[in-house]
Amino acid sequence: MDKIKWGVIGAGGIARRRTIPGILLAKNAELVSVMEIDMALANEIKEQFNCKKAFDNIDDLLKDDEIDAVYIASPVIYHKEQAMNAANAGKHILLEKPICLTVEEGKEVVDYCKQKNVKLATGFMMRFHAYHKKMKQLVKDGKIGQVVSARAQLTCWYPDMPGNWRQSYNTSGGGALMDMGVHCLDLIQYITGFKTKRVAGMASTLTFDYEVEDSGAFLVELENGAICHVESNFNIPDDAAKGRLEFYGTKGSLLAEGTISQIETGSLEVTFSDDTKDYDAKQDRTEDRTRHIEVEFGNMYAKEIDSFSLSIKNNTKIEVPAIDGIQIQSVVEAAYASSKNSEYVKL
Ligand SMILES: NC(=O)c1ccc[n+]([C@@H]2O[C@H](COP(=O)([O-])OP(=O)(O)OC[C@H]3O[C@@H](n4cnc5c(N)ncnc54)[C@H](O)[C@@H]3O)[C@@H](O)[C@H]2O)c1
């Protein structure tokens, strides 16, 4: 098998903005076809990216023997049915986050893909950001000692848009936490290597008129005991967004800004403190040991596509398997239950 040949289902949103350009950059991938619900739009995207085929329904795209894999970036309500149809057609699948409307649906898809012997990955492309890989390595190398806390935030401005699928529970499954909090928790768990033991969540709609939450946050306790904080908002202007990702440990801290984003950019400040000093009552903190870390930026979407394409080509382990998406979603579901019932939820 040479390059993996890709078809894109739901090509008009994030696919058109980010992932299709990523497919075009990926060494092990080739864009063959795009599908949109409107033929004129499908044709427009086909022309834009100079690919071979455009469809206005997934059956025709899936019938095409030339396609090895599909990227599904449709509204969440369609994920389960489309992923199962793709598995039935023997296509490998990169299914955008959140995997499905519910964890239960997601598990059905995972089981079905196993049965059909197709690979299923999910769209946590932020794991491929060079700073996030660097942070994972620094934590693994013990540079900040025992990780005791972390914080991740992803926000955007998402005003009322009547009929918008993300703003209704039955088409999205949830609001800011389901849509963006999943990336934040995934990064915390990915970088520390620990999963969540229990969660306390709060979700409410403060600013807009839609049903899903525009403001959400949760605290999680990781397997190592670290207490971490995720914040997701649909009601903070894009200009004011910081996209911060912070880790604190017994020997230092890692502070990234602007890395939780769709573009591989941002900055990383680290402070390492190997001293085993006694308690310092003065708490002057005059010495600044902060350093900036430089990395070479790439394109997270291209890396995501390349990684999954290679796993298909070589029949090797998937870097971002769908089961990780389901585990993250189970924490978010628990955060919603916690918010509703005002109690911690154990995972
Ligand atoms: N990983 C990321 O960076 C990222 C960013 C944004 C969105 N997403 C995810 O991608 C998915 C799509 O989000 P979006 O922001 O692109 O939404 P969107 O609404 O902007 O785009 C979705 C596209 O799907 C099309 N569509 C509608 N019904 C369809 C159907 N039945 N079959 C196929 N296509 C259909 C729409 O016409 C639209 O062009 C969601 O799961 C979302 O969470 C991921």
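Residues numbered from 1 in each chain as written. Predicted model: local features only at pLDDT ≥ 70, side-chain atom pairs only at ≥ 80, totals over all residues.

(A) Focus on the overall build of the protein chain. From N to C terminus, the protein chain includes ten helices and 15 strands. Its C-alpha atoms give the protein chain a radius of gyration of 21 Å, within 12% of the compact-globule value 20 Å for 347 residues. In terms of overall dimensions, the protein chain has a C-alpha envelope of 70 × 45 × 40 Å along the principal axes. A total of 347 residues make up the protein chain; the buried ones form 50% of that total. Restricting to contacts in the protein chain with at least 6 residues of sequence separation, those with at least 24 account for 69%. (Helix = DSSP H or I, 4+ residues; strand = E, 2+ residues; numbered from the N terminus. Rg over C-alpha atoms; globule rule 2.2 N^0.38 Å. Buried ≥ 20, exposed ≤ 12 C-beta atoms within 10 Å, placed from the backbone. Contact = placed C-beta atoms within 7 Å.)

(B) How the structure looks around the domain arrangement of the protein chain. With domains assigned, the protein chain is organised as domain 1 (4-122) and domain 2 (126-298 + 329-346). Distance from the C-alpha centre of domain 1 to the C-alpha centre of domain 2: 28 Å. At the junction of the two partners, domain 1 supplies eleven residues and domain 2 supplies eleven residues. Residue composition of the side of domain 1 that touches domain 2, by class: seven nonpolar, two polar and two charged. (Domains from an automatic or database assignment. Nonpolar A, V, L, I, M, F, W, Y, C, P; charged D, E, K, R; others polar.)

(C) The arrangement of the pairing of strand β12 (residues 252-257) in detail. As judged from the five bridges shared by strand β11 (residues 245-249) and β12, these two strands associate in the antiparallel manner. Residue pairing in the sheet places E246 in a bridge with L255 of β12. Linkage of β11 to β12, two consecutive antiparallel strands, is achieved through a turn of two residues. Across six bridges, β12 lies against strand β13 (residues 267-272) in antiparallel orientation. Among the inter-strand pairings, L254 is bridged to a residue of β13, identified as V270. (Pairing = 2+ DSSP bridges.)

(D) Structural view of the site of the ligand. In the vicinity of the ligand there are 19 residues, among which G10, G12, G13, I14 and E96 approach most closely. Class assignment of the residues belonging to the shell around the ligand gives a composition of eight nonpolar, six polar and five charged. (Near = placed C-beta within 6 Å.)

(E) Molecular detail of the pairing of strand β1 (residues 4-9). Counting buried positions along β1 gives six out of six residues, so the element sits mostly inside the fold. Residues I4, W6 and V8 of β1 are buried on one face, and the alternating residues K5, G7 and I9, pointing to the opposite face, are buried as well. Across six bridges, the pairing between β1 and strand β2 (residues 29-35) is parallel. Note on β2: the bridge partner recorded for K5 is E30. Taken together, β1, helix α1 (residues 14-25) and β2 form a β-α-β motif whose crossover is right-handed. Examined bridge by bridge, β1 and strand β4 (residues 69-72) share four bridges and lie parallel to one another. Each residue of the ladder has a partner; that of I9, found in β4, is I72. (Right-handed = clockwise from strand over helix to strand, strands pointing away.)

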